[in-house]
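Read off the chains here:
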Amino acid sequence: GRGRNNPTGPIAIGLSELLSNSFFPVGKNKTMSDIINRTLRLLTDNPDAAVTFYRNAGTQLGVNSISKLIAALMRCLCMLIVQDKKMNCEDISNLSIVMADDEIDSAKVPPNTALMATIAESISILWGSIEADLKHEQNESAADILMEVFSGNVLTEVYSHFESKTVDGLEDAKMAECSRACVAILNCAGKMKEAEIEGLRAHVIGELAKATDMPPEKRTRVNFSPNMALLCEWGMTEDVAQCLSNSVLNYFSPDNLDGKPKTSKKRKQRGKKTAAKDELPQLDIETSLGILGNILKGSYPASLSARDSIIKSEAAFTAISTALQSARTAAETIIKSQLADESEVSIAKIRHIGNAIECYGRLLIHREAMRGKVPMRLSQEAKELLSWVTDNIIPSMMKSVEADEENSLSKLDISAISGIGSPMACDDPPRRKSNRRSARESDVSFLSSDQATLNTLQEPSKHISSISAVSIASASSVLSTFAEWLSICGTESFLLIHISKWCEVLGATDNIKTRESLLGSLFHVALRSLKDDRDATVFKELLLHLKDVDPSTKEKEIIIESLSIITSLRDEQIATQALATIIYVTRSIIVQAVDNDNAAFLDIVGPGMKEVLLGILNNKRSSLVLAKCLLNEPKVSSIRESLVKEIRANSLMSDALEAIVRELSGENVVTDGETEKEIGAKEEPSIILERAEAAETSELLSSQPEAVALES
């Protein structure tokens, strides 16, 4: 319904209040069996509406009532699991103790994986809504209601039931539902003390130990991040950090150029008994980076909690940040190696380098966000990361491209990059003065997490040049991370200076997938700096390097969508500045172009800029703004004349546009009664004139009050 798009908005809250008695009937004659049957029926008929109600239950019900509702839902879940186990002739004794016999036999709903996952998720949501209230002494009875149902080995049994199904070869849909249930159960366990739940800690650690023995294709489908998040909740943050950092350091060690994991044997301490159940296993690099990636980008409560625990612990933060930085060292080793031009490094290692560098950038951003300073500024470590790409990665990549006639970058596919929610968008609204920009964009939840949604390189058919591949992976990872920084904190001159230099990557590869991955982030940065700070630096550099890019269908969509964002803004000054920049770039390209009298104007500017100009010309508002900008151009100008012709040929001529076009092309009379043609005959050749105009426009743009001068 109308409340679906905003489940905590006023419409959803009003509907939840209206349906409160239907979802949770109260009264002396209402037994637990009645509540279970009503709950199951509503969850079955409309699960989305039920979850929306639970999200707003805190505004309708008291803490005690919500605790009873949680207990009822848990009984429903256990009852469905019991039915499922009975069908498979499995033991049900550990689950049946939470329900009376009449409750087990009362419901007529058959076991359903999606329904059970929704119930588990609803329990987690409800518990989260009263978690803070349960700590107050006056709500002790409500806490007792929960402990009566959840303590003991019930959660361990419920979790084990769903966890076993995630490795049983189920189809993707059912496996996803089981994973969703596992995440919700572990989130509930994190709200309890470890001692209150029998066997879950050892079980969780045991599952981590099994990860190494899983087939690679199955291991990448399992999300181990909630396991680590739970251990962080139970005071094992430093153990978790050490486990993850050891895996990363081992993989990127200097003697591991081939990217194969090295196994290490730990010497047993004499005179001490090792607590095997408390010792975290050695993980492979794929699992470790997947866990870190989900923790650093997830918006689910467990992800937030684990992230906060790691950043607040100096030892944990130092261990993980130091380990992730080893990926930079590995990249430098490959690039600087004298054998790099001939050597081949596996695509898996290149992908892991990109993932680790991206995780490092996100970790730095989260730490700045937690400091609570407004406005947020790039840390010294973040600046060093940007400088590293500009001073080391980009030059190495360009040098490699110049030396390789076949352009080895064309073999590299990084189509899975970007599309990740902003790392700071995941936090709850701060209780302090907020920053000037909204931070809630495209959150990635544990419930839908996918370890492949990090900056991932697609597996090519063969190995590729080490320098080219490592360079593009490193640059892309840093770019996607700091593009999101702009969404939260706005532009900084230091950041724009570096990213504007990275635009040359577009001209360095003829691989469509690579450009598609980069173009979105570059346009994101360019539009942010235009909208928020009236700075056209990155936008100008981006357009200049689009000259020789023959855009694919997706690239054309990115260009058109980006231009439509500019033209849809209410602030016409921003659109005017953008169009003035496009005119400047067009002139610069024409000036440098080889004379070709037979070529059409739009063909001379190059395929990339042709798409930009057509996007402007085909839009009613932007074509009008373009015409207005041309009024400020010198009347003796071939650029002005050519663009007016293109407006007539490609734009929808409204009355306002027609009037400006007539003014631009119909009034050829200038001072002293001489026509533009006559003056042009007496002046310099057009190519010399355009060079003079280019310098004049550059000076005009840099002096506009809307443009923010960049400081070195």
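Reading guide: rules and limits
Residues numbered from 1 in each chain as written. Predicted model: local features only at pLDDT ≥ 70, side-chain atom pairs only at ≥ 80, totals over all residues. Heavy atoms only, no water. 1 Å grid on protein atoms, 1.4 Å probe; cavity = no way out; pocket = protein on both sides within 12 Å on 5 of 7 lines; lining within 4 Å. Points joined across faces, edges and corners; volume = space filled by probe spheres on them. Helix = DSSP H or I, 4+ residues; strand = E, 2+ residues; numbered from the N terminus. Nonpolar A, V, L, I, M, F, W, Y, C, P; charged D, E, K, R; others polar. Buried < 20%, exposed > 50% of the residue type's maximum accessible area, 1.4 Å probe, protein only. Arc of directions from axis to C-beta. Contact = heavy atoms within 4.5 Å. Patch = residues over 30% accessible without salt bridge, like charges linked within 9 Å, V, L, I, M, F, W, Y side chains within 5 Å. Areas by Shrake-Rupley, 256 points an atom, 1.4 Å probe, with all protein chains shown as cover. Salt bridge = Lys/Arg side-chain N within 4 Å of Asp/Glu carboxyl O. Lys, Arg positive; Asp, Glu negative; His and termini not counted. Charge placed at Lys NZ, Arg CZ, Asp CG, Glu CD. Expected span 1.5 Å × (residues − 1). Polar contact = N/O pair within 3.5 Å; in protein donor to acceptor, adjacent residues only side chain to side chain.

On to empty space enclosed by the protein. Considering all chains together, one arrives at three cavities of 30 Å³ or more under this definition. Taken as a whole, the largest cavity spans an internal volume of roughly 40 Å³. Along its surface, the largest cavity is lined by Ala475, Leu479, Trp502, Val505, Leu518 and Leu522. Looking at the lining of the largest cavity, the elements with two or more residues in it are helix 22 (466-489) and helix 24 (512-533). In terms of residue class, the lining of the largest cavity is built from six nonpolar, no polar and no charged.

Moving on: helix 10 (residues 140-150). For helix 10, the complete set of buried residues consists of Ala142, Leu146, Val149 and Phe150. Within helix 10, the buried residues cover an arc of 90 degrees as seen down the axis, which keeps them to one side. Looking at the packing, one finds that the buried side of helix 10 touches helix 6 (63-87), helix 9 (113-130) and helix 11 (154-165).

This part is about a negative patch on the surface. A cluster of acidic side chains, namely Glu137, Glu140, Asp144 and Glu148, defines a negative patch on the protein surface. Residue position: Asp144 is located in helix 10. Judged by relative accessible area, which is 46%, Asp144 ranks as partly exposed.

The next thing to look at is the environment of Asp532. Turning to its location among the elements, Asp532 is positioned in helix 24. Classification of Asp532 by relative accessible area gives partly exposed; the value is 24%. Along the backbone, Asp532 and Ile574 are 42 residues apart, and their C-alpha atoms lie at a distance of 9.4 Å.

The subject of this paragraph is the pattern of salt bridges. Two side chains that carry opposite charge are able to pair once their charged atoms sit near each other. By the definition in use, this model includes 18 salt bridges. Across the pair Arg362 and Glu358 runs a salt bridge whose closest N-O atoms are separated by 3.4 Å. Of the two residues, Arg362 and Glu358 are both situated in helix 20 (residues 347-371); the distance of four residues between them amounts to about one turn of the helix. Take Glu358: its relative accessible area is 0%, and that puts it in the buried class. The salt bridge partner of Asp548 is Lys547, with a shortest N-O separation of 3.1 Å. According to the relative accessible area criterion, Lys547 is partly exposed, its value standing at 25%. Through salt bridges with shared partners, a single network forms among Glu121, Glu177 and Arg180.

Right, let's get into helix 27 (residues 572-592). An ideal rise of 1.5 Å per residue puts 30 Å on 21 residues; helix 27 measures up with 30 Å between its terminal C-alpha atoms. Among the 21 residues in helix 27, 17 count as buried, and that is most of the element. Two or three places before Gln573, at the opening of helix 27, Asp571 has a side-chain oxygen 3.0 Å from that residue's backbone nitrogen.

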